[in-house]
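So you can see what is in the structure, the chains are spelled out below.
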Amino acid sequence: NKGHYEHYMQKEIHEQPESLTTTMRGRLIRGDSCKAKSVLLGGLKDHLKTIRRSRRLVFIGCGTSYNAALAARPILEELSGVPVTMEIASDLLDRQGPIYREDTAFFVSQSGETADTLNALEYALENGALCVGITNTVGSAISRNTHCGVHINAGCEIGVASTKAYTSQIVVMAMIALVIGDDTISSQGRREAIIDGLFDLPNKVREVLKLDQEMKDLAKLLVSEQSLLVFGRGYNYATALEGALKVKEVSLMHSEGILAGEMKHGPLALVDENLPIVVIATRDACFTKQQSVIQQLHARKGRLIVMCSKGDGSLVCPGDSCRVIEVPQVEDCLQPVINVVPLQLLAYHLTVLRGYNVDQPRNLAKSVTTQ
Ligand code: UD1
Ligand code: M6R
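We now turn to the structure provided with this report. Just so it is clear, the model here is predicted, and its values are computed rather than measured.

Moving on: the site of ligand 1. Around ligand 1, the structure places 14 residues, and the nearest of them are Arg-27, Gly-43, Thr-146, Gly-149 and His-151. The separation between an oxygen atom of ligand 1 and a polar main-chain atom of Gly-43 is 2.9 Å. The separation between an oxygen atom of ligand 1 and a polar main-chain atom of Gly-133 is 3.5 Å. Contact with the protein chains covers 51% of the free accessible surface of ligand 1, which is 730 Å². Elements supplying a minimum of two residues to the shell around ligand 1: strand S6 (130–135), helix H7 (141–145) and strand S7 (148–151).

This paragraph deals with the pattern of salt bridges. Here the idea is simple: oppositely charged side chains can pair when their charged atoms come close. Within the structure shown, the criterion is met by 20 salt bridges. The salt bridge involving Arg-56 is made with Asp-103; its shortest N-O contact spans 2.8 Å. Within this pair, whereas Arg-56 is found in strand S3 (residues 56–61), its partner Asp-103 is found in strand S5 (residues 103–109), the two being separated by 47 residues in sequence. Taken as a pair, Arg-56 and Asp-103 share a single burial class, namely buried. In this structure, Glu-87 and Arg-95 form a salt bridge, with 2.9 Å as the shortest nitrogen-oxygen distance. The buried category is assigned to Glu-87, whose relative accessible area is 8%. Each of Glu-78, Arg-190, Glu-331 and Asp-332 takes part in one network of salt bridges that share partners.

Scoring rules and cut-offs
- Residues numbered from 1 in each chain as written.
- Chains lettered and ligands numbered in written order.
- Predicted model: local features only at pLDDT ≥ 70, side-chain atom pairs only at ≥ 80, totals over all residues.
- Heavy atoms only, no water.
- Near = heavy atom within 4 Å.
- Polar contact = N/O pair within 3.5 Å; in protein donor to acceptor, adjacent residues only side chain to side chain.
- Areas by Shrake-Rupley, 256 points an atom, 1.4 Å probe, with all protein chains shown as cover.
- Helix = DSSP H or I, 4+ residues; strand = E, 2+ residues; numbered from the N terminus.
- Salt bridge = Lys/Arg side-chain N within 4 Å of Asp/Glu carboxyl O.
- Buried < 20%, exposed > 50% of the residue type's maximum accessible area, 1.4 Å probe, protein only.

Laid out in structure tokens, this is it:
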């Protein structure tokens, strides 16, 4: 049921304040004078000791689910104190990459039925790792075959392009980072700030959704372009990859997410006055570096669309040469949840304007059950 929306993708983008609320329901403890703020994940509580003691945390997924893990990686590294690595499921299998008994392997999948991810799960089980599922589908193969896990509870996702599952996956992985780090006193202040940020996140998503019309106007401007680049780094490298994946998957426009730190190692050659480039430059530890990236792109006459924190528009844009998307600022590790929303909206409007099928892009299936 699409309600008053024209497409499932549109509905699922707009229901993110509610889906995120359901994802967090019953899992955030407000705390009081005698009890600290904390996170409770029923599915993990009996396995936390093993997870904390593991030699490595490996996150495995495909497409958007992989990008969600990448978005959560910095906070997982920071709070867990255990090395965190990422694997695209097919690539892990192609390489028969190392998975050890001392590893904890997390399988991220909206559907819980993706063939590559399931094969990687079988492989990790054979190698003796503790296997944890992060899935949206209760009773799915991943949910059943993992040792334990967390359901993201985002509600049924119908559009082939994953939107609300992505933001709920990031929130669940941030919560996993919080519970793993729960026994570390030195990071308590940081953890409490993130928990406060989680409580307020649905409101902030509601706020960023107000950019809908602005993104539609931007889509009108970009509708006939051949290509769109998205530059990000740090917490928002994943946002660049995910924004570009959305654009190419539904609007059928070539789009590439680029790690800004790699700009001078090749991508800079593409920059001219015609190619549109989105640069993500919201406030975090990488902000100054992104400001310098913007300056260098501007010096090559790049056609820039800069995503920045509210109020930073004139600071990040050299002269009035670029277009600005101002988004609400949240705790740095949660910023990817906010920043992906305008890009989801852009992909959606581009698709409608270009006349393509929004909910069922050509050649794609919601659940990829074959290799
Ligand atoms: C569970 C209930 C929820 C109830 C809550 C009350 C289910 C599905 N969930 O939620 O309805 O409101 O208790 O305390 O009945 N699991 C895996 N692999 C996965 C995902 C989950 O093995 O990929 C396992 C978990 O380890 C857990 C169970 O499935 O044993 C349920 O997981 P989850 O729904 O995340 O647990 P709760 O949030 O505690
Ligand atoms: O169901 P899963 O999360 O395992 O699916 C993984 C990918 O197939 C999926 O995210 C795909 O990339 C989406 N269509 C992206 O929007």
